[in-house]
Amino acid sequence: MRDFSNVKRVVVKIGSSTLTHPSGLLNIRCVEALVKVLADIKNSGRELVLVSSGAQAVGVGKLGLREKPQDMPGKQAVAAIGQCELMYIYDKLFSEYNHVTAQILLTREDVDNPVRKQNLQNTFHRLLEMNILPIVNENDSVATEEIEAGGSFGDNDTLSAVVSVLIEADLLILLSDIDGLYTDNPRTNPDAQLIPCVERLTPEIEAMASGAGSARGTGGMVTKIRAAQLAVSHGVEMLILNGANPNDLYRLLDGEEVGTWFMAPHDD
């Protein structure tokens, strides 16, 4: 029986497909609802880190473009514009609940280089000690790998797992546009069943994953399985929840069974 009521340090990741409408513009109702719940979770005494996608999508929306630019400098430019707008929105909304935010933009080198990694850990720990809410994204303006979905972190599911390991989080929660891991794609198969708990990541579990579920996102269930492999191998429990229902975070932390839980192995 899972019980996350006593978790102290939590990393929450939200994706572009949850943050935005199909038009590509920011889903204000969703963001406001999410911020309210996260602020309340912080009020409960928990330490919280938010890994947020959406910079490119918000940048495209702010500029009134019909689609993302096709060239790499164009994609980097809209990411830079969107990141500024995204942080402005988060800072404004969280400040309404008396929470202070901080922005951390990462590249793979920040984690792979031992000195930079230690500096990064020091920054995270001091921010959490100061009761600040760090908001993390990949630095798309200088790290093109996520945009190309190739090297580096490749996606913010993986980035959130890296962050959760880096700060020794108790729990990683991936907010998606789906309720969790299913036996098949629930959008095409009405008989697909939600899997409430994954005790071990087997080839059969990996085979259930599919690609990106939205044109506005870079990941899909494949990247979430990859994130789970990284997180649980370092003792971090992981959950996939539907980001359209922020109140499920309350239910989860109250001990209810929601989403899909990827169990971390523990010594007896």
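Residues numbered from 1 in each chain as written. Predicted model: local features only at pLDDT ≥ 70, side-chain atom pairs only at ≥ 80, totals over all residues. Heavy atoms only, no water.

### Quick word on the packing of aromatic side chains
Piece 1. With the rule as written, the count across this model stands at two aromatic pairs.
Piece 2. Between the aromatic rings of Phe4 and Trp261, the centroid separation amounts to 5.6 Å while the plane-to-plane angle is 85 degrees, which identifies the pairing as edge-to-face. Of this pair, Phe4 sits in the segment before strand 1 (9–14) while Trp261 sits in strand 8 (residues 260–262), placing them 257 residues apart in sequence. Residue Phe4 shares its accessibility class with Trp261, and that shared class is buried.
Piece 3. Their ring planes at 35 degrees and their centres at 6.3 Å tell us that Tyr90 and Phe94 sit as a pair that is tilted. Separated by four residues within a single helix, Tyr90 and Phe94 lie in helix 4 (residues 72–95), roughly one turn from each other. (Phe/Tyr/Trp six-rings, centres within 6.5 Å; stacked < 30°, edge-to-face > 60°. Helix = DSSP H or I, 4+ residues; strand = E, 2+ residues; numbered from the N terminus. Buried < 20%, exposed > 50% of the residue type's maximum accessible area, 1.4 Å probe, protein only.)

### Some words on the nonpolar core
The nonpolar side chains of a soluble globular protein tend to be buried with one another.
Piece 1. Phe124, Val136, Val163 and Phe262 are the most contacted members of the largest nonpolar core, which totals 41 residues.
Piece 2. At six residues, the largest contribution of residues to this core is made by helix 10 (residues 221–233).
Piece 3. Residue contacts for Val163: discarding those within four places in its chain leaves Val11, Val49, Val51, Leu106, Phe124 and Val136. (Core = buried A, V, L, I, M, F, W, Y, C linked by side-chain atoms within 4.5 Å. Contact = heavy atoms within 4.5 Å.)

### Considerations on the side chain of Arg9
Piece 1. When you line up the elements, Arg9 lands in strand 1.
Piece 2. Within the local environment of Arg9, its side chain forms a polar contact with the backbone oxygen of Ile167, the two atoms lying 2.7 Å apart. (Polar contact = N/O pair within 3.5 Å; in protein donor to acceptor, adjacent residues only side chain to side chain.)

### A few points about helix 4
Piece 1. Taking 1.5 Å per residue as the helical rise, helix 4 with its 24 residues ought to reach 34 Å, and the 34 Å between its terminal C-alpha atoms agrees with that figure.
Piece 2. You can read the cap of helix 4 off the contacts: a side-chain oxygen lies 3.1 Å from the backbone nitrogen of Gly74, and it is on Asp71. (Expected span 1.5 Å × (residues − 1).)

### As for the confidence of the model for the protein
Piece 1. Summarising the model, the protein shows a mean pLDDT of 87, and 90% of its residues fall at 70 or more.
Piece 2. By mean pLDDT, helix 7 (residues 145–148) is the weakest element of the protein at 52, and strand 2 (residues 47–52) is the strongest at 97. (pLDDT = per-residue confidence, 0-100.)

### Some points on the packing of helix 3 (residues 55–63) against helix 4
Piece 1. Contact pair helix 3 / helix 4: the axes reach a minimum separation of 6 Å and the direction vectors enclose 90 degrees. For the element pair helix 3 / helix 4, the angle class is roughly perpendicular. Between helix 3 and helix 4, the contacting residues are Ala55, Gln56, Val58, Gly59, Val60, Lys62 and Leu63 on the first element and Lys75, Val78, Ala79, Ile81, Gly82, Gln83, Glu85 and Leu86 on the second.
Piece 2. Its residues assigned to classes, the contact of helix 3 with helix 4 comprises eight nonpolar, four polar and three charged. (Axes fitted to C-alpha atoms, helices over the stretch in contact; angles between N-to-C directions. Parallel < 35°, antiparallel > 145°, perpendicular 65-115°, else oblique. Nonpolar A, V, L, I, M, F, W, Y, C, P; charged D, E, K, R; others polar.)

### Some remarks on the packing of helix 2 (residues 28–43) against helix 4
Piece 1. Following both chains from N to C, one finds helix 2 and helix 4 inclined at 50 degrees, their axes separated by 10 Å at the closest point. In this view, helix 2 runs oblique relative to helix 4, as classed from their interaxial angle. As for the relative orientation of helix 2 and helix 4, their crossing is right-handed in sense. For the pair helix 2 and helix 4, the contacting residues are Val31, Glu32, Val35, Leu38 and Ala39 in the first and Ile89, Tyr90, Leu93 and Phe94 in the second.
Piece 2. When its residues are assigned to classes, the contact of helix 2 with helix 4 shows eight nonpolar, no polar and one charged. (Left-handed = near helix turned anticlockwise from the far one by under 90°.)

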